[in-house]
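In case you want the letters, here they are:
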Amino acid sequence: QTVEHGFPHQPSALGYSPFLHLMAIGTRSGAIKLYGAPGVEFMGLHEENNTVMQIHFIPDQCQLVTLLDDNSLHLWSLKQHSGASELREEHRFTLKGPPGSPPSATQVTAVLPHSSREVLYLGTESGNIFVVELPSFRVLEDRTITSEAVLHWVPEDYCNRRSCELVEALREHPKNPDQILIGYSRGLIVLWDLQNNKVTHHFLGSQQLENLYWQRDGSKFISCHYDGSYTQWPVSSDNRHPEPLENFVPYGPFPCKAISKIYWQTTKNGLPYIIFQGGMPRASYGDRHSISVVHGSQQTAFDFTSRVIDFFIIFSSEPTAEFDDPSAMVVLAEEELVVIDLKTAGWPAVHPPYLASLHCSAITCSHHVSNIPLKLWERIISAGSKQNIHYSNMPWPIDGGTNIAPDPPQRDLLLTGHEDGTVRFWDASGVCLHLLYKLSTVRVFLTDADPNDNMNTLGEDEWPPLRKVGTFDPYSDDPRLGIQKIYLCKYSGYLAVAGTAGQVLVMELNDEDAEHVVDHAEADLLQDQEGYRWKGHEKLKTRDGPVRFEAGFQPFVLVQCQPPAVVTSLALHSEWKLVAFGTSHGFGLFDHQQKRLVFVKCTLHPSDQLALEGPLSRVKSLKKSLRQSFRRIRRSRVSSRKRRGGSGNASEVQEANAKFDQDTLQEMELAPVQRKIEARSAEDSFTGFVRTLYFADTFLRDSSRHCPSLWAGTNGGTVYAFCLRVPPAERRMDEPVRAEQAKEIQLMHRAPVVGILVLDGRSNPLPEPLEVAHDLSKSPDMQGSHQLLVVSEEQFKVFTLPKVSSKLKLKLTALEGCRVRKVTVANFGSCKTDDYSENDLTVLTNLGDIQIISLPFLKLQIRYPCIRKEDVSGIASCVFTKYGQGFYLISPSEFERFSLSTKWLVEPRCIVDIPEVTSNNHVHNKSGMENAIRKS
Amino acid sequence: EFRRFSLERSKPGKFEEFYGLLQHVHKIPNVDVLVGYTDIHGDLLPINNDDNYHKAVSTANPLLRIFIQRKEDADYSAFGTDTMTRKKNVLSNVLRPDNHKKKQHIVISMPQDFRPVSSIIDVDILPETHRRVRLYKYGTDKPLGFYIRDGSSVRVTPHGLEKVPGIFISRLVPGGLAQSTGLLAVNDEVLEVNGIEVSGKSLDQVTDMMIANSRNLIITVRPANQRNNVVRNSRTSGSSGQSTESSLPSSTPNIVANFLQGEEESDEEDIIIEDSGEPQQIPKAAPTSESLESLTQIELLHESRQNGFLPSSEMNLNHSAGSISMEYEVQDPDHKSLEEDGTIITL
């Protein structure tokens, strides 16, 4: 396993080091990930697998401290090891109170790494502030700041009214490291002098405090509150207990939600940037996840589609600079990372080079194409760049570290199909999975979705000035649009895409916008069967007349299967201009040159009612109605939960769920699971389900003449072979393509056929269409005898051709009790010499193991555990590359990349150097304050 | 050969005289034979002294059925009083072949005419506490019919007794193959599937292994009831193995479902339909790919002989005259406990 692509699942904390220019993200499962310049990334995992609550970089160091929800603190370091930096956990520590004290006494709520780099200040629920030494985590008891000591300096009448309660924020004075600002949740704020152990100033806030922020010169600070207000306080030597300068409710006058974090950024032109999270009118916009940016008369409330976890501002960290001059805002939402360019007018978003939200609509399938020709690559990038014009041109602002990994050896594309009918093209060549181009198939169809249903369509004068940002939108209006199968021919640029409602689209790459009619055909897969009634979803309605398509892949043919069941297999032959598709009812072949259906074959067993009525679609429609009701909930704008209360509830719910799981687990232990032992029979359900389709030019009828052929494998262990007659190129439009069934093989073990492959006379797999024409592959050996490899879920079998006799077999399931889930041929090159490579079968089993099986002798070479066997969706999502790498989803939003090849290895390799430390430490110490947001 | 003759019921005479009379009417004066008769319950009982001869004659009502076998190929186990059901079958089959001809039934006697549904194998190499059962699944007429579950069993290890996870039979489907053999029972621990140990494997893995082997499933179990274990003695050696090797020819050789393979080619072969023709079994490829078709034929025949196949049923009839040869005949008569478990042979 080499690198994780995509967006971390359930992020829970964010940190940033202006000194290293590195960003850190913590997750609910205890992972911590560091990102810098593209290609610079590190990952660590807390042993406890507990939620990461806070992340703080130690000023001017390659070190960071994390706080977990079990109240433990962890010190991580970036250290160089054999030429590259590595992230390692150095120490761990849990604050312990005196015996008998309640756990709240030591529950850490705020962390301040002091600019001296020697101590951490830990604010707690009890209101006491403990001081621990770094890196040893030794508690310096004599330096503890107790709430009693603080209250001693505060006017009596104020104390009587409110106790201190928990420490909400700790901020070091930007100019004077001996002073720290302490904010208590009830609203009291004091400036504490570390040298003399006394309160120098106290600020008597009347509202429940959320957070604090110092102005750069230390003359003022700003506090934000639970009631949606923020307050400015002056700090001067003449007034030790000043009144607030200004108290303002930005979205008043009606009750507002809390402002949980605030920035005050100074600029050369005098107008500050005030940036705050939350504060929306409680009744009408309380469910929005917003961050507002105010600069003079400009004000925008960025509206995120998922909960905001945390954010930070990138500003001038030069100690000599007089102003902050913010350049970018980086927002970590629950489902995506959004970066806003604050320097360009209109505050456009910046296209992130990594952390892409793979799941902005749920991934339904993926397809990998290795070694893309440069020409196609450039055309896809050019099509994609036209879609990305609204992004800022700002260079990626988080640019710490140096990527020292070698350049990727080739251009690889990963295509992901999504539930909303889109296909996304990702650059999967290197460590950063980067979106190149997004294709939508929706335009071909008439859907229920209202095109004007855009929550962004707010007028100029709307208040609050909300602006939707980000791409995460998991709500699909019509699940039938979902993409199920993708096939891209990298030589011709033909793309076939098939979906949930039996739709098959063939597309061509066009560099210009175009308006044209999509040819439409129907394939009735139940031709000779009678008396059946499809109870699943209806087929998609198509648009009449010409449709306008943007530059990129443009559909020119649509085939709709009848009944409109999910397309379960797809194959495209770009040289013969044929596309084959299969569903649970049968399969068909379409000539996309002449735009004519060549034939259909029904594979349905007459007794298979289940497949007929489409129970899968009934499940789907239930899902759809659920989704719609969720959508309604979202729109009804019911007040969402307060940040703190909300997450508290969430964790309670989680605990309850965990307890429930445990209980059910125990119950299951009492009444153990049984498994029925029964041989498969021809009458089982879904035996006609077409699992695999394959085009081959081979010897099907006799050993003297080879011909094009189409092979199909079903769930019931049947293999059909059709002999095709494709007219020569000069008469391609004049004569029809003909097909005739030549063979039907029934595997007696009746396991689903998951792969079909023809090996040439040298036992090499037949090349892809057009591969030979482009001089990228040797011509197949058509002299020697060909062999047919049929892979079922249980066995691998090699047969001779054209006379089918069984030659070899490997009974994997009988031997190991595992079943084949994914299989592909991979080419393994030697890392030592360029002139040796071999083809082997790469197999993923239902146990999550990956096995390499030699060709053509079917000998098991090696086995690696890869995916947990309980991770069904991970196993289902796995996709192999042609050169021994692969991807699988470790969460809805992340692909894990793995490599079986010693030659092709894509993994991060980077160095983070410590920039020279300036002698003027205390000027630098903003870095420490940067990240001190507490979340509970 | 059948003979009918009369005896004086009141004066039957001595056994030796009767024995001589039998040799005389059958014209086999120098052949040693075993003489038996069917009593009123239909049991086959021996006649070898005056006492049981007199008893036999006195119970004749009015007919006395006498059954004669050559001594050298006699079936001793056919005698007895405790396996009534089975013997009724045996007797009626042997003594009243006419009934069966009417039903167009194949002649009973040779193992080839039976379809084994299960057997106990490898008795000689397994510990006495274990039992290796082979289930033969033909076609789809009868379900295998059992369920397995997770559980824990106690093992003796160098560190003392240890509880380890195991796989157990949890349920037998009434009327299923597993139940009808009587060789498997609820709570038997599954130790191996087709020679592969299940320890360390999950329930789902073992399920998949069993289903993958469902056409020829060999399960090694530790029976929950250890009282019926095989008691080993010299006569058992190899005997059960022999029985599993015995194979039968198919009456219609092109129907693959009736084809029984040898030990190494235990699952059924796949079927191919060429150009919408008749379904055919896919042959094994010859080492060289030339003249495949002719080689395939030879190979098939060769394979059949190796496995002890007899190509025609007429031959069986000739061979079978005068002897009872049954699937279980080779089993030690001491193993009555096994026989009690029910019908292990079905037609």
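Under the annotation held in an unreviewed UniProt entry, chain B carries the name PAR6B protein and is attributed to Pandion haliaetus. Of the comments in the UniProt record for chain B, the one headed Sequence similarities (unreviewed entry) reads "Belongs to the PAR6 family."

As recorded by an unreviewed UniProt entry, chain A carries the name LLGL scribble cell polarity complex component 2 and is attributed to Pandion haliaetus. Taken directly from UniProt, the Sequence similarities (unreviewed entry) text for chain A runs: "Belongs to the WD repeat L(2)GL family." Word for word, the UniProt comment on chain A under Subcellular location (unreviewed entry) is "Cytoplasm".

Moving on, we get to the overall build of chain B. What chain B contains, in helices and strands, is 10 helices and 14 strands. Within the span of chain B, comprising 347 residues, buried residues form 45% of the whole. By sequence separation, contacts in chain B at least 24 residues apart represent 60% of the contacts at least 6 residues apart. For chain B, the computed accessible surface area is about 19100 Å², with 52% contributed by carbon and sulfur atoms.

Moving on to the side chain of Thr106(A). Residues and elements named next belong to chain A. For Thr106, the position within the fold is in the loop between β9 (84-94) and β10 (108-113). A relative accessible area of 8% means that Thr106 is categorised as buried. Leave out the neighbours within four places in its chain, and Thr106 touches Asn71, Leu95, Lys96, Gly97 and Thr124.

The next point concerns the interface of chain B and chain A. Each partner contributes to the interface: chain B provides 44 residues, whereas chain A provides 42 residues. The largest contributions to the chain B side of the interface with chain A come from Asp208(B), Ile211(B) and Asp270(B), which together make up 14% of the buried area. Here chain B is connected to chain A by four salt bridges. Note that Arg675(A) and Asp204(B) form a salt bridge whose closest N and O atoms lie 2.4 Å from each other.

It is worth spelling out the UniProt feature "domain: PB1" (unreviewed entry) in chain B at this point. The residues that UniProt annotates with the feature "domain: PB1" (unreviewed entry) are residues 1-71 of chain B. Note that residues 1-71 of chain B is 30% helix and 20% strand, and that its end C-alpha atoms are spaced 16 Å apart.

Glycine aside, residues mostly have negative phi angles, and peptide bonds mostly take the trans form. Residue and element names in this part refer to chain A. A cis geometry characterises the amide bond from Gly252 onward to Pro253, with omega recorded as 5°. Turning to its location among the elements, Pro253 is positioned in the loop between β21 (246-248) and β22 (259-265). Residue Pro563 is bonded to the preceding Gln562 through a cis peptide linkage, with omega at 0°.

In this section: the domain arrangement of chain A. With domains assigned, chain A is organised as domain 1 (10-94), domain 2 (117-248), domain 3 (265-357), domain 4 (686-810) and domain 5 (812-913). Computed from C-alpha coordinates alone, the two centres of domain 3 of chain A and domain 5 of chain A are separated by 42 Å.

With domains assigned, chain B is organised as domain 1 (6-78) and domain 2 (118-228). The distance between the C-alpha centroids of domain 1 of chain B and domain 2 of chain B comes to 46 Å.

So, about the UniProt feature "domain: Lethal giant larvae homologue" (unreviewed entry) in chain A. When the UniProt feature table is mapped onto this chain numbering, "domain: Lethal giant larvae homologue" (unreviewed entry) sits at residues 249-348 of chain A. Within residues 249-348 of chain A, the helical portion is 4% and the strand portion 45%, while the C-alpha atoms at the span's ends are 26 Å from each other.

Further remarks concern helix α1 (residues 15-25) of chain B. Residues and elements named next belong to chain B. Burial in α1 covers these residues: Phe15, Phe18, Tyr19, Leu22, Gln23 and Val25. On the buried face of α1, the contacting elements are β1 (33-38), α2 (50-59) and β3 (66-70). Positive phi appears at Lys27, one or two residues downstream of α1, with a value of about 55°.

This part covers the pattern of salt bridges. In the structure shown here, the tally under the stated rule is 44 salt bridges over all chains. A salt bridge links Asp478(A) to Arg480(A); the nearest nitrogen and oxygen atoms lie 2.9 Å apart. Overall, Arg480(A) belongs to the buried group, its relative accessible area being 15%. Among the salt bridges present, the one from Lys14(B) reaches Asp50(B), with a minimum N-O distance of 4.0 Å. Here Asp50(B) lies in helix α2 and Lys14(B) lies in the segment before α1, a separation of 36 residues in the sequence. Several salt bridges converge on common partners, so that one network encompasses Arg691(A), Glu793(A), Glu794(A), Arg819(A), Arg821(A) and Asp208(B).

Geometry of an aromatic ring pair is reported as the spacing of the ring centres plus the angle between the planes. Residues and elements named next belong to chain A. Throughout the structure, instances matching the rule amount to 32 aromatic pairs over all chains. On the basis of an interplanar angle of 5° and a centroid distance of 5.2 Å, the ring pair of Phe93 and Phe137 is categorised as stacked. Linking Phe93 in strand β9 with Phe137 in the loop between β12 (129-133) and β13 (138-139), this pair joins segments that are 44 residues apart in sequence. Note on Trp576 and Phe695: the rings are 5.9 Å apart at their centroids and 85° apart in plane angle, and the pair reads as edge-to-face. Here the residue Trp576 occupies a position in the loop between β45 (569-573) and β46 (578-582), and Phe695 occupies one in strand β50 (residues 690-698), the gap between them amounting to 119 residues. The exposure class of Trp576 is buried, given its relative accessible area of 10%. A network of ring pairs unites the aromatic residues Tyr230, Phe248, Tyr251, Phe276 and Trp463 as a single cluster. The ring centre of Phe311 lies 5.3 Å from the NZ or CZ of Lys261, which sits over that ring.

To continue, consider a nonpolar patch on the surface. Residue and element names in this part refer to chain B. On the surface, a nonpolar cluster with roughly 210 Å² of combined accessible area is contributed by Phe5, Leu7 and Leu21. With respect to the helices, strands and loops of the structure, Leu7 is situated in the segment before α1. Overall, the relative accessible area of 35% leaves Leu7 in the partly exposed class.

Moving on: the environment of Ile372(A). All names here are of chain A. Note that Ile372 resides in the loop between β30 (363-369) and α4 (374-387). Expressed as a C-alpha distance, the spacing of Ile372 and Gln410, which sit 38 residues apart in the sequence, is 7.5 Å. Setting aside anything within four residues of it in sequence, one finds Ile372 in contact with Trp377, Arg411, Asp412, Leu413 and Lys490.

Residues and elements named next belong to chain A. On the UniProt side, "repeat: WD" (unreviewed entry) is annotated at positions that read residues 45-86 and 409-427 here. In the segment residues 45-86, helix accounts for 0% and strand for 62%; the C-alpha atoms at its two ends are 13 Å apart. Across residues 409-427 one finds 0% helix and 63% strand; the C-alpha atoms that close the span lie 13 Å apart.

Residues and elements named next belong to chain A. Reading across the sheet, the four strands line up as β18-β19-β20-β21 and stay open at both edges, with antiparallel pairing between neighbours. Pairing within the sheet leaves two strands with one partner each, and these edge strands are β18 (209-214) and β21. With direction set aside, neighbouring strand axes in the sheet form an average angle of 20°. Here strand β19 (residues 220-225) runs beside strand β20 (residues 230-234); their pairing, made up of five bridges, is antiparallel. Opposite Lys220, over in β20, you have Pro234 as the bridge partner.

The rules behind each value
Residues numbered from 1 in each chain as written. Chains lettered and ligands numbered in written order. Predicted model: local features only at pLDDT ≥ 70, side-chain atom pairs only at ≥ 80, totals over all residues. Heavy atoms only, no water. UniProt positions renumbered as here; feature names shortened; annotations may be inferred. Helix = DSSP H or I, 4+ residues; strand = E, 2+ residues; numbered from the N terminus. Buried < 20%, exposed > 50% of the residue type's maximum accessible area, 1.4 Å probe, protein only. Contact = heavy atoms within 4.5 Å. Areas by Shrake-Rupley, 256 points an atom, 1.4 Å probe, with all protein chains shown as cover. Buried area = accessible area lost by both parts, 1.4 Å probe. Salt bridge = Lys/Arg side-chain N within 4 Å of Asp/Glu carboxyl O. Domains from an automatic or database assignment. Phe/Tyr/Trp six-rings, centres within 6.5 Å; stacked < 30°, edge-to-face > 60°. Lys NZ or Arg CZ within 6 Å of the ring centre and 35° of its normal. Patch = residues over 30% accessible without salt bridge, like charges linked within 9 Å, V, L, I, M, F, W, Y side chains within 5 Å. Pairing = 2+ DSSP bridges. Axes fitted to C-alpha atoms, helices over the stretch in contact; angles between N-to-C directions.

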